[in-house]
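Geometric and topological summary
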Amino acid sequence: MADYRKTLNMPDTPFPMRGDLARREPGWVKQWQERKLYQQIREAAKGRPRYVLHDGPPYANGDIHIGHAVNKVLKDIIVRAKTLAGYDAPYVPGWDCHGLPIEHQIEKTHGKHLPANQARALCRSYADEQVERQKKDFIRLGVLGEWDRPYKTMEYRNEADEIRALGAMYRKGFLFKGLKPVNWCFDCHSALAEAEVEYQDKKSPAIDVAFPLAAEERGRLAGVFNLAALPDKTAYAVIWTTTPWTIPGNQALNVHPEFVYELVDTERGLLILAAELRAQVLERYGIAGRVLGAARGSALDRMEFRHPFYDRKSLVFLGEYAIPSTIASRRSSSASM
């Protein structure tokens, strides 16, 4: 029988039939490291236009996952493409070494209420361990970079530079003190970024709520509306909210300083209403009213009213965000008039 294999002119190549990447890729990475490939690229790129990709650092806590892999590989592609395009494109990997999850891990391992210096030392040691674990896996992905000189937020030089930058911002008047809500996860005992918060859809009815005037403020309210004295009725600031579940936490009322508010005498008491909404509100309540006086919201600043069902005060504060021509929705401890 004829051996037809001998009749074929096939190319001879050492290229294997199988990729066998799980075995071969570590060898490639090792070869790159031994040849100092990254350093050779840096030397060859000297003098070219600079392109710097700033690494948004991963958190130094736990093994890497697919999100880390995608992030690092995409950055590596960009840096290599810029290098091939004629740029000097270094890549300095970094790590975020601060945060509550690290502190929480130390508390679980070593207990709570540790001396501050001991807790910081343990956190620093834990973060270093996590950096080394993640670095090994990032290198295994084939990402080229200055792995021997990464940046870490906990390095004393970086911390000192941050303090210097903060001082420069303070001297230029860029800092102010205010209040900001912090989202907190009760399950993982950690603060959450805004992007990590998922809101459940909820429909709540819009409601009107009457806040009675504090007894000691009757004389002032009469003066605001140019009255010698108030009629012998209870006066109320009428607010509305689309988040009725916030009323138990209410501690303040908002009025717009430039809008006009009226004191209206009705069968249900003296109502303070936004002038442009008076007719609409009285029609909705099914009652008649007589205007006793009008004043701008600024005249009501810091006037004291009582919470509708708790024994505490709700003060009036001015706010240009309080728009009476629309129903305001504010998830806070205040309500708009």
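Described below are features of the structure shown in this document. (Residues numbered from 1 in each chain as written. Predicted model: local features only at pLDDT ≥ 70, side-chain atom pairs only at ≥ 80, totals over all residues. Heavy atoms only, no water.)

Right, let's get into the side chain of Glu 262. Mapped onto the secondary structure, Glu 262 falls in strand β8 (residues 260-266). A distance of 2.4 Å separates polar atoms of two side chains, one belonging to Glu 262 and the other to Arg 278. Not counting the four nearest positions on each side in its chain, Glu 262 is found in contact with Phe 225, Leu 271, Ile 272, Leu 273, Ala 275, Arg 278, Val 291, Gly 293 and Ala 294. (Helix = DSSP H or I, 4+ residues; strand = E, 2+ residues; numbered from the N terminus. Polar contact = N/O pair within 3.5 Å; in protein donor to acceptor, adjacent residues only side chain to side chain. Contact = heavy atoms within 4.5 Å.)

Turning our eyes to something else, we now look at a nonpolar patch on the surface. On the surface, a cluster of nonpolar side chains totalling about 530 Å² of accessible area is made up of Ile 66, Val 70, Val 73, Leu 74, Ile 77 and Leu 141. Ile 66 gets classed as exposed once you look at its relative accessible area, which sits at 66%. (Patch = residues over 30% accessible without salt bridge, like charges linked within 9 Å, V, L, I, M, F, W, Y side chains within 5 Å. Areas by Shrake-Rupley, 256 points an atom, 1.4 Å probe, with all protein chains shown as cover. Salt bridge = Lys/Arg side-chain N within 4 Å of Asp/Glu carboxyl O. Buried < 20%, exposed > 50% of the residue type's maximum accessible area, 1.4 Å probe, protein only.)

Since the α-helix turns once every 3.6 residues, residues separated by three or four places project in the same direction. Look at helix α3 (residues 66-84): 27 Å from first C-alpha to last across 19 residues, which is about the 27 Å you get at 1.5 Å a residue. Every buried residue of α3 is listed here: His 68, Ala 69, Lys 72, Lys 75, Asp 76, Val 79 and Thr 83. Looking straight down α3, one finds that the buried residues subtend no more than 140° of arc, so they occupy a single side. Away from the buried face of α3 by more than 90 degrees, exposed residues Ile 66, Ile 77 and Leu 84 are located. Considering only its buried residues, α3 is in contact with α2 (37-44) and α5 (116-140). (Expected span 1.5 Å × (residues − 1). Arc of directions from axis to C-beta.)

Looking now at the packing of aromatic side chains. How two aromatic rings sit relative to each other is set out by the distance from centre to centre and by the angle between their planes. Taken as a whole, this structure holds five aromatic pairs when the rule is applied. Taken together, a centroid distance of 6.3 Å and an interplanar angle of 55° make the contact between Trp 95 and Trp 147 tilted. Remark: Trp 147 occurs in the loop between α5 and β2 (151-152) and Trp 95 occurs in strand β1 (residues 94-95); sequence separation between them is 52 residues. Among the residues examined, Trp 95 registers a relative accessible area of 1% and is labelled buried. For Trp 147, a relative accessible area of 7% translates into the label buried. Members of the aromatic cluster, joined through ring pairs, are Trp 95, Phe 138 and Trp 147. The positively charged end of Lys 72 is found above the aromatic ring belonging to Phe 138, 4.7 Å away from the centroid. Against the face of Tyr 51 rests Lys 82, its NZ or CZ located 5.0 Å from the ring centre. (Phe/Tyr/Trp six-rings, centres within 6.5 Å; stacked < 30°, edge-to-face > 60°. Lys NZ or Arg CZ within 6 Å of the ring centre and 35° of its normal.)

Moving on, we come to the state of the cysteines. For the structure shown, the criterion picks out zero disulfides. Unpaired in terms of disulfides, Cys 97 finds its nearest cysteine sulfur in Cys 123, a separation of 11 Å. The buried category is assigned to Cys 123, whose relative accessible area is 16%. (Disulfide = S-S within 2.5 Å.)

The next subject is the pattern of salt bridges. For the coordinates displayed, the defined rule picks out 24 salt bridges. Linking Lys 72 and Asp 55 is a salt bridge whose minimum nitrogen-to-oxygen distance equals 3.3 Å. Of this pair, Lys 72 sits in helix α3 while Asp 55 sits in the loop between α2 and α3; the two residues are 17 residues apart in sequence, bridging distant segments of the chain. Using a relative accessible area of 2% as the deciding quantity, one classes Lys 72 as buried. Given a relative accessible area of 4%, Asp 55 falls into the buried group. Here Arg 306 ties to Asp 311 by a salt bridge, and the two come within 2.5 Å at their closest N and O atoms. For Arg 306, a relative accessible area of 23% translates into the label partly exposed. Classification of Asp 311 as exposed rests on a relative accessible area of 75%.

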